[in-house]
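# A structural walkthrough
One-letter residues, chain by chain:
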Amino acid sequence: MVVVGRIPCRESSRLGMDLEQFSDAELLERSADDPAAFAALYERWVEKMLAYFYRRTWDGEVAADLTAETFAIAFTKRRRFVRTAAPGGAWLYGIASRELKRYRRRAMVEQRALRKLGIEPPAVDDESLRRIEELDEVTELRGAVIGALSTLSEMDREAVRLRVVAELPFKEVAASLGCSEGAARVRVHRALGKVASVVEAQHE
């Protein structure tokens, strides 16, 4: 299991029950008085959350940070959980979605500030990154992306390679492709949109 934050240790339930038999909603309800129930929920969902964030950020460190934040918030707010017709996991995904939106809003501002100050953010250790990238869902996702890229034209694949893999600015991408910078931007965004659509369709 990949550990991404401080979650209550997995001890025997105070209620003396096998927590694996409970649904996500039941674990959330029980976690109000029994932290071991939340630990069981964490173990059940941590890899799914890592894959969720990795699919949307393509960054193992960010995925680990957002997963830790999601579970920290969930643990803090667990007593507010109210069971509805939706599965308990949907409550976690709701928190995850909000954290992802916050991350995207602040990412550009923070990155600009760090660049100006010449500061490098702390990195997750190599072993944690390796474990994240070896998760079954992440491996499956990588295969789906490779398959989606194969559906693009040769020019679109090259545009994506130059911009995403080589991390070239659009000006240099345009020069390599022999087009205007605006056309290069359109080509890259259109190609990435196609890849995202194919991948999302395979994971619905």
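See the structure printed just above.
Residues numbered from 1 in each chain as written. Predicted model: local features only at pLDDT ≥ 70, side-chain atom pairs only at ≥ 80, totals over all residues. Heavy atoms only, no water.

### Structural notes on the pattern of salt bridges
With the rule as written, the count across this model stands at 6 salt bridges. When the shortest N-O distance is used, the salt bridge between Asp156 and Arg187 registers 2.6 Å. One end of the pair, Asp156, is in helix 7 (residues 154–165); the other, Arg187, is in helix 9 (residues 181–202), with 31 residues separating them in the sequence. Arg187 gets classed as partly exposed once you look at its relative accessible area, which sits at 23%. Measuring nitrogen to oxygen at the nearest pair gives 2.8 Å for the salt bridge that ties Glu158 to Arg161. (Salt bridge = Lys/Arg side-chain N within 4 Å of Asp/Glu carboxyl O. Helix = DSSP H or I, 4+ residues; strand = E, 2+ residues; numbered from the N terminus. Buried < 20%, exposed > 50% of the residue type's maximum accessible area, 1.4 Å probe, protein only.)

### Here we look at the packing of helix 2 (residues 35–57) against helix 3 (residues 60–76)
The contact between helix 2 and helix 3 brings their axes to 8 Å, and the two run at 140 degrees. Judged by the angle between their axes, helix 2 and helix 3 are oblique. Judged by the sense of rotation from one axis to the other, the crossing of helix 2 with helix 3 is right-handed. Taken together, the residues of helix 3 that come into contact with helix 2 (itself represented by Phe38, Tyr42, Trp45, Val46, Met49, Leu50, Phe53, Tyr54 and Thr57) are Gly60, Val62, Ala63, Ala64, Leu66, Thr67, Thr70, Phe71, Ala74 and Phe75. Of the residues contributing to the contact of helix 2 with helix 3, the split by class is 15 nonpolar, 4 polar and no charged. (Axes fitted to C-alpha atoms, helices over the stretch in contact; angles between N-to-C directions. Parallel < 35°, antiparallel > 145°, perpendicular 65-115°, else oblique. Left-handed = near helix turned anticlockwise from the far one by under 90°. Contact = heavy atoms within 4.5 Å. Nonpolar A, V, L, I, M, F, W, Y, C, P; charged D, E, K, R; others polar.)

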